[in-house]
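Remarks on the overall topology
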Amino acid sequence: MSTQRGNASRQRAQKYKNTTAFKNTMHDKSDKTKMINSLQINDVCTRCKEVIAWKIKYKKYKPLTQLKTCVACGEKTVKRAYHVMCVKCGIKTGKCTKCCKSEEVVEVTVEEKPFKVDREMRFIIKELPERRRRTFNRYMEKKMEEKLSNEELKEDLLKKLEALKVDDKDDEDDDFGLSDGGESLECESSEDE
Ligand SMILES: [Zn+2]
Ligand SMILES: [Zn+2]
C-alpha cells in the first residue's frame, strides 16, 4: 500500500541545502497558521499532496471561507481548499479529490474506521451498573450495523448512555421484580411438609 502516513519523503538527495530548515512559524505564531499547519492532506494523489503541502509550508495556502460545490455530486460539500471533489465522492470514485485523475490516492480519509469507544464514553460506561452496561453493549452492537458515520454513532450512543444514567429508580424496581420468583418456590416446598 502506498498510503503509509507521513511517507512523503523523497528518495534522492537535495541539491542545495539550507543551513536552517525553513519554518513557516518563524515570524508567525497565529492560530490560523497553526491550524493550517495541522491540516491533514487527504484523498489526493501524491502529486496533489505535494502541491498542497508546498502551499502550506510556504504560506500560500488559503483555506476556504465557505463550502465549495463538488464537481462530482454537484452539492456544496467540498470543505477543503484546492480540492474539487468532496470526501464522499473521493471515496466512492477512488480518485484524487483535487485533480480527479489519479487513482493512486494517498491517505484516504477513513470514514469506515471502526468505531471506538472513547475515554469520555468509557468513563460513563464504567459507572453504569452491570445490567445497564449489558443493555448498552447490546444497543451499541445493533447500532453499529446501521451504517452511521462515527460522529453520528457517537452522538447516538452518548444519548443512550445519558438515558441509562438518568433513571436509576427504574432499575431498582426491575431488580426487585426479578427476585419475585423465589417466593413461589418457598410456597411449593411448604406444601410438601
Ligand atoms: Zn461530491
Ligand atoms: Zn491529484
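Residues numbered from 1 in each chain as written. Chains lettered and ligands numbered in written order. Predicted model: local features only at pLDDT ≥ 70, side-chain atom pairs only at ≥ 80, totals over all residues. Heavy atoms only, no water.

The coordination sphere of the zinc ion (ligand 2), as far as protein atoms go, consists of Cys45 (SG), Cys48 (SG), Cys96 (SG) and Cys99 (SG), spread over 2.2 to 2.3 Å. Seen from the zinc ion (ligand 2), its 4 donor atoms lie at angles of 102 to 118°, and the figure they make is tetrahedral. Spacing between the donor residues of the zinc ion (ligand 2) along their common chain follows C-x2-C-x47-C-x2-C. In this pair, Cys45 is assigned in strand β1 (residues 44-45) and Cys96 in the loop between α3 (87-93) and β4 (105-106), connecting sequence segments 51 residues apart. Residue Cys45 is classed as buried on the basis of its relative accessible area of 5%. (Donors = N, O, S within 2.8 Å, 3.2 Å for Na, K, Ca; no water. Tetrahedral: all angles 85-135°; square planar, octahedral: opposite > 155°, others 65-115°. Helix = DSSP H or I, 4+ residues; strand = E, 2+ residues; numbered from the N terminus. Buried < 20%, exposed > 50% of the residue type's maximum accessible area, 1.4 Å probe, protein only.)

What follows is about the coordination of the zinc ion (ligand 1). In the first shell of the zinc ion (ligand 1), the protein supplies Cys70 (SG), Cys73 (SG), Cys86 (SG) and Cys89 (SG), at 2.2 to 2.4 Å from the metal. Note that the zinc ion (ligand 1) binds 4 donor atoms; their angles at the metal cover 101 to 116°, and the shape is tetrahedral. Each donor residue of the zinc ion (ligand 1) lies on the same chain, and together they follow the pattern C-x2-C-x12-C-x2-C. Here Cys73, found in the loop between β2 (68-69) and β3 (76-78), pairs with Cys89, found in helix α3; they are 16 residues apart in sequence, far enough to count as distant. With relative accessibility at 33%, the residue Cys73 sits in the partly exposed group.

Moving on: helix α4 (residues 119-127). Every buried residue of α4 is accounted for by Met121, Ile124 and Ile125. The buried residues of α4 occupy an angular sector of 100° when the element is viewed end-on, so they sit on one face. In α4, the exposed residues that point more than 90 degrees away from the buried face are Arg119, Arg122, Phe123, Lys126 and Glu127. Looking at the buried positions of α4, the neighbouring elements they touch are α5 (130-145) and α6 (150-166). (Arc of directions from axis to C-beta. Contact = heavy atoms within 4.5 Å.)

Overall, the coordinates contain 2 aromatic pairs when judged by the stated rule. For the pair Trp54 and Tyr58, a centre-to-centre distance of 5.3 Å together with 45° between the ring planes defines the contact as tilted. Classification of Trp54 by relative accessible area gives partly exposed; the value is 45%. Centroid distance Tyr61 to Tyr82: 5.2 Å. Interplanar angle 65°. Geometry classified as edge-to-face. Within this pair, whereas Tyr61 is found in the loop between α2 (46-57) and β2, its partner Tyr82 is found in the loop between β3 and α3, the two being separated by 21 residues in sequence. Look at Tyr61 and you get buried, because its relative accessible area is 9%. Note on Tyr82: relative accessible area 24%, which makes it partly exposed. (Phe/Tyr/Trp six-rings, centres within 6.5 Å; stacked < 30°, edge-to-face > 60°.)

Considering every residue of the chain, the mean pLDDT works out to 79; 72% of them sit at 70 or more. Put simply, helix α8 (residues 181-192) is where the chain has its lowest mean pLDDT, 43, and β2 is where it has its highest, 96. Scored below 50 in pLDDT, residues 173-193 shows 3 contacts in the model against residues more than four places distant or in partner chains. (pLDDT = per-residue confidence, 0-100.)

The subject of this paragraph is the pattern of salt bridges. Applying the stated criterion to the full structure yields 8 salt bridges. When the shortest N-O distance is used, the salt bridge between Asp31 and Lys34 registers 3.7 Å. Taken together, the positions of Asp31 and Lys34, both in helix α1 (residues 31-38) and 3 residues apart, correspond to about one turn of that helix. Arg133 is the partner of Glu130 in a salt bridge, and the nearest nitrogen-oxygen pair spans 3.7 Å. Here the residue Glu130 and the residue Arg133 both occupy positions in helix α5, the gap between them amounting to 3 residues, near one helical turn. A relative accessible area of 45% places Glu130 in the partly exposed class. For Arg133, a relative accessible area of 29% translates into the label partly exposed. (Salt bridge = Lys/Arg side-chain N within 4 Å of Asp/Glu carboxyl O.)

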